[in-house]
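Chain residues, written in single-letter form:
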Amino acid sequence: MKSTDLIDRIVEATGGTKADAKTALETVLASIVQAAEVGDEVSLPGFGKFTVRHTAARMGRNPATGAEMQIPASRKLVFVPAKAVKDQLTGANQKKA
């Protein structure tokens, strides 16, 4: 699914314009990134949490040459789905036949 598909779904659900839906989607995504920049967690009840994880510097290997190389420390934005989302994805809520 692309952002244009999400925008179309927002328009269908709200009856608003595509421009308003695009602005809403961009605002939500920008807000998540801004919160991550300062280390805040974004929690969307029933959907999941966006958190920042820190990875330490470590040694790795170049797959092409096999040479050892230093992989720098970094920060990654990680999404952890809520239990309801996990259950829906795994089919845990479906009735057994």
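For the structure, see preceding data.
Residues numbered from 1 in each chain as written. Predicted model: local features only at pLDDT ≥ 70, side-chain atom pairs only at ≥ 80, totals over all residues. Heavy atoms only, no water.

Student: Looking at this structure, how should I read the packing of aromatic side chains?
Tutor: Geometry of an aromatic ring pair is reported as the spacing of the ring centres plus the angle between the planes. Per the counting criterion, the structure on display carries two aromatic pairs. Judged by centre distance (5.1 Å) and plane angle (45 degrees), the rings of Phe47 and Phe79 are tilted. Highlighted residues: Phe47 in the loop between β1 (42-44) and β2 (48-55) and Phe79 in strand β5 (residues 74-81), separated in sequence by 32 residues. Overall, the relative accessible area of 31% leaves Phe79 in the partly exposed class. (Phe/Tyr/Trp six-rings, centres within 6.5 Å; stacked < 30°, edge-to-face > 60°. Helix = DSSP H or I, 4+ residues; strand = E, 2+ residues; numbered from the N terminus. Buried < 20%, exposed > 50% of the residue type's maximum accessible area, 1.4 Å probe, protein only.)

Student: Would you explain the packing of helix α1 (residues 3-14) against helix α2 (residues 18-37) in this entry?
Tutor: If you want to describe how two helices pack, look at the angle between their axes and the distance between the axes. Two elements in contact, α1 and α2, have axes whose closest approach is 9 Å; the angle formed by their N-to-C orientations is 120 degrees. Regarding α1 and α2, the two cross each other, and that crossing is right-handed. The segment α1 lies against α2, with Ser3, Leu6, Ile7, Asp8, Ile10 and Val11 engaging Lys18, Ala21, Lys22 and Leu25. Of the residues belonging to the contact of α1 with α2, the class tally is six nonpolar, one polar and three charged. (Axes fitted to C-alpha atoms, helices over the stretch in contact; angles between N-to-C directions. Left-handed = near helix turned anticlockwise from the far one by under 90°. Contact = heavy atoms within 4.5 Å. Nonpolar A, V, L, I, M, F, W, Y, C, P; charged D, E, K, R; others polar.)

Student: What am I meant to see in the pattern of salt bridges here?
Tutor: Pairs can form between side chains of opposite charge once their charged atoms are near each other. According to the stated counting rule, one finds four salt bridges in the structure shown. Between Glu26 and Lys22 there is a salt bridge, and its shortest N-O distance comes to 3.9 Å. You can see Glu26 and its partner Lys22 sitting in helix α2, four residues apart, about one turn around the helix. Residue Arg61 is joined to Glu68 by a salt bridge in which the shortest nitrogen-to-oxygen separation is 3.7 Å. As far as the burial class goes, Arg61 and Glu68 line up, both exposed. (Salt bridge = Lys/Arg side-chain N within 4 Å of Asp/Glu carboxyl O.)

Student: Got a minute to help me understand the pairing of strand β4 (residues 68-71) in this structure?
Tutor: The side chains of a regular strand alternate between the sheet's two faces. Bridge analysis of strand β3 (residues 58-61) against β4 gives four bridges, and the strand direction is antiparallel. Bridge pairing links Arg58 to Ile71 in β4. Counting the residues between successive antiparallel strands, the hairpin from β3 to β4 contains six residues, one of them, Gly66, with a positive phi of roughly 80 degrees. (Pairing = 2+ DSSP bridges.)

Student: So what exactly am I meant to see when it comes to the sheet that holds β2 here?
Tutor: Strand pairing in a sheet is mediated by backbone hydrogen bonds. Such pairs are either parallel or antiparallel. Read from one edge of the open sheet, three strands run β1-β2-β5, paired in antiparallel fashion. Either end of the sheet is taken by a strand with one partner, and the two such strands are β1 and β5. Across the sheet, the mean angle from the axis of one strand to that of its neighbour is 25 degrees, orientation sign disregarded. Relative to β2, β1 runs antiparallel, the two being bridged by three bridges. Counted as the bridge partner of Ser43 is Lys49 from β2. Against the sheet, α2 makes contact with β1, β2 and β5, and its axis sits at roughly 125 degrees relative to β5, the strand it touches most.

Student: Which parts of the structure should I look at to understand the side chain of Thr51?
Tutor: Tracing the backbone through its elements, the reader meets Thr51 in strand β2. Ignoring anything within four residues of it in the chain, the contact list for Thr51 reads Glu41, Lys76, Leu77 and Val78.

By themselves, these observations are geometric and do not establish any function.
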